[in-house]
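Topology and contacts: notes
Here is what each chain is made of, one letter per residue.
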Amino acid sequence: MRILLIEDDQMIGESVAESLKDSGYAVDWVKDGDSGLSAIGCQHYDLLLLDLGLPRKDGIDVLRSVRQQKKSLPVIILTARDAVEDRIAGLDTGADDYLVKPFALGELSARIRAVLRRQSSSSGPHLTNGVISLDPVTREACLVGATPLRLSAREFALLQALLVRPGAILSRGELEEKIYAWGDEVESNAIEFFIHSLRKKFGSDIIKNVRGLGWMVAKVS
């Protein structure tokens, strides 16, 4: 999953970005509203974390611009503005959730998982295609009825990207976008390496290669 963080506070931005990267998300961080809109215009994101008190363009204006472009991008507002009218304005403008600073990083992670579940219409906390199940909280995966195994951050990110859309073929570029943020070094065979690692843990058939197109997990009825 790839997240855009728009936050001008250096300490908060560093803490949030580092925490989310440790949880297996690819995070791009910008520090003003205009840069945020530029990033959204040229990159697909699965979630936006948005401060309100931003330089160059206020967070509410950023949110309004996103929604006017008919973007379905999930948005969680992170702000020190705790007045009821500010919460109402944020939610009415199109935010999916509103979290007041200071907040616990664990709570932010839980809210991200909840918003992403709603976005994917998942009925439970785990992602599954009926064969393999992934727990976003513990970052463990298991075959049905088997013992869960802990995944690395990027193994988790890759399997999560595939399980969000079982049956869909994701290309190398699409998978790289899900697991690498700006500035991350991407080795030429990285995707194959992580897929090989997951197959060693869960079986060679768990991720299927569609020659010339990409990879997928089967959609089991």
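Cut-off values and rules
- Residues numbered from 1 in each chain as written.
- Predicted model: local features only at pLDDT ≥ 70, side-chain atom pairs only at ≥ 80, totals over all residues.
- Heavy atoms only, no water.
- Pairing = 2+ DSSP bridges.
- Helix = DSSP H or I, 4+ residues; strand = E, 2+ residues; numbered from the N terminus.
- Axes fitted to C-alpha atoms, helices over the stretch in contact; angles between N-to-C directions.
- Contact = heavy atoms within 4.5 Å.
- 1 Å grid on protein atoms, 1.4 Å probe; cavity = no way out; pocket = protein on both sides within 12 Å on 5 of 7 lines; lining within 4 Å.
- Points joined across faces, edges and corners; volume = space filled by probe spheres on them.
- Salt bridge = Lys/Arg side-chain N within 4 Å of Asp/Glu carboxyl O.
- Buried < 20%, exposed > 50% of the residue type's maximum accessible area, 1.4 Å probe, protein only.
- Core = buried A, V, L, I, M, F, W, Y, C linked by side-chain atoms within 4.5 Å.
- Polar contact = N/O pair within 3.5 Å; in protein donor to acceptor, adjacent residues only side chain to side chain.
- Phe/Tyr/Trp six-rings, centres within 6.5 Å; stacked < 30°, edge-to-face > 60°.
- Lys NZ or Arg CZ within 6 Å of the ring centre and 35° of its normal.

**Side note on the sheet that holds strand β3 (residues 47-50)**
Here we have five strands laid out as an open sheet, ordered β2-β1-β3-β4-β5, and parallel in their pairing. Either end of the sheet is taken by a strand with one partner, and the two such strands are β2 (26-30) and β5 (97-100). Sheet twist, expressed as the mean angle between neighbouring strand axes with direction ignored, is 20°. Inspection of the sheet shows strand β4 (residues 75-79) paired to β5 by four bridges, in the parallel sense. Residue pairing in the sheet places isoleucine 77 in a bridge with tyrosine 98 of β5. Contacting β1 (2-6), β2 and β3, helix α2 (residues 33-42) crosses the sheet at an angle of about 160° to β1.

**With respect to the layout of surface pockets**
Within this model, the largest pocket holds a volume of roughly 490 Å³. For the largest pocket, the lining is made up of 21 residues, of which His44, Tyr45, Asp46, Gln119 and Lys178 are closest to its centre. Listed by contribution, the elements that provide at least two residues to the lining of the largest pocket are α5 (105-120), α6 (153-164) and α7 (172-179).

**Some thoughts on the pattern of salt bridges**
If you walk through the whole model with that rule in mind, you get 14 salt bridges. The residue aspartate 28 makes a salt bridge to arginine 2 at a minimum N-O spacing of 2.9 Å. With aspartate 28 in strand β2 and arginine 2 in strand β1, this residue pair connects regions lying 26 residues apart in the sequence. There is no split in this pair, since aspartate 28 and arginine 2 are both buried.

**Comments concerning the nonpolar core**
Judged by nonpolar contacts, the single largest core of 26 residues is most densely connected at Leu134, Leu151, Leu158, Leu159, Leu175 and Ile207. Those elements giving two or more residues to this core turn out to be β7 (132-135), α6, α7 and α8 (190-202). Ranked by the residues each element gives to this core, the list is headed by α6, at seven residues. Beyond its immediate stretch of four places on either side in the chain, leucine 159 contacts Ile132, Leu134, Ala141, Leu151 and Leu198. The next biggest cluster of nonpolar side chains, apart from the first, holds 21 residues, and it includes Val30, Tyr45, Leu54 and Leu63.

**Details of the side chain of threonine 79**
Along the polypeptide, threonine 79 turns up in strand β4. In this structure the side chain of threonine 79 is engaged in a polar contact, spanning 3.0 Å, whose partner is the backbone nitrogen of arginine 81. Sequence-distant contacts of threonine 79, defined by excluding residues within four places in its chain, comprise Asp51, Leu52, Tyr98, Leu99, Val100 and Lys101.

**Overview of the packing of aromatic side chains**
Counted by the stated rule, this structure contains one aromatic pair. Geometrically, the ring pair formed by phenylalanine 193 and phenylalanine 194 is edge-to-face, given 5.5 Å between the ring centres and 75° between the ring planes. For phenylalanine 193, a relative accessible area of 53% puts it in the exposed group. The lysine or arginine in question, lysine 31, covers the ring of tryptophan 29, its NZ or CZ lying 4.8 Å from the ring centre.

This is a description of form; function is not addressed.
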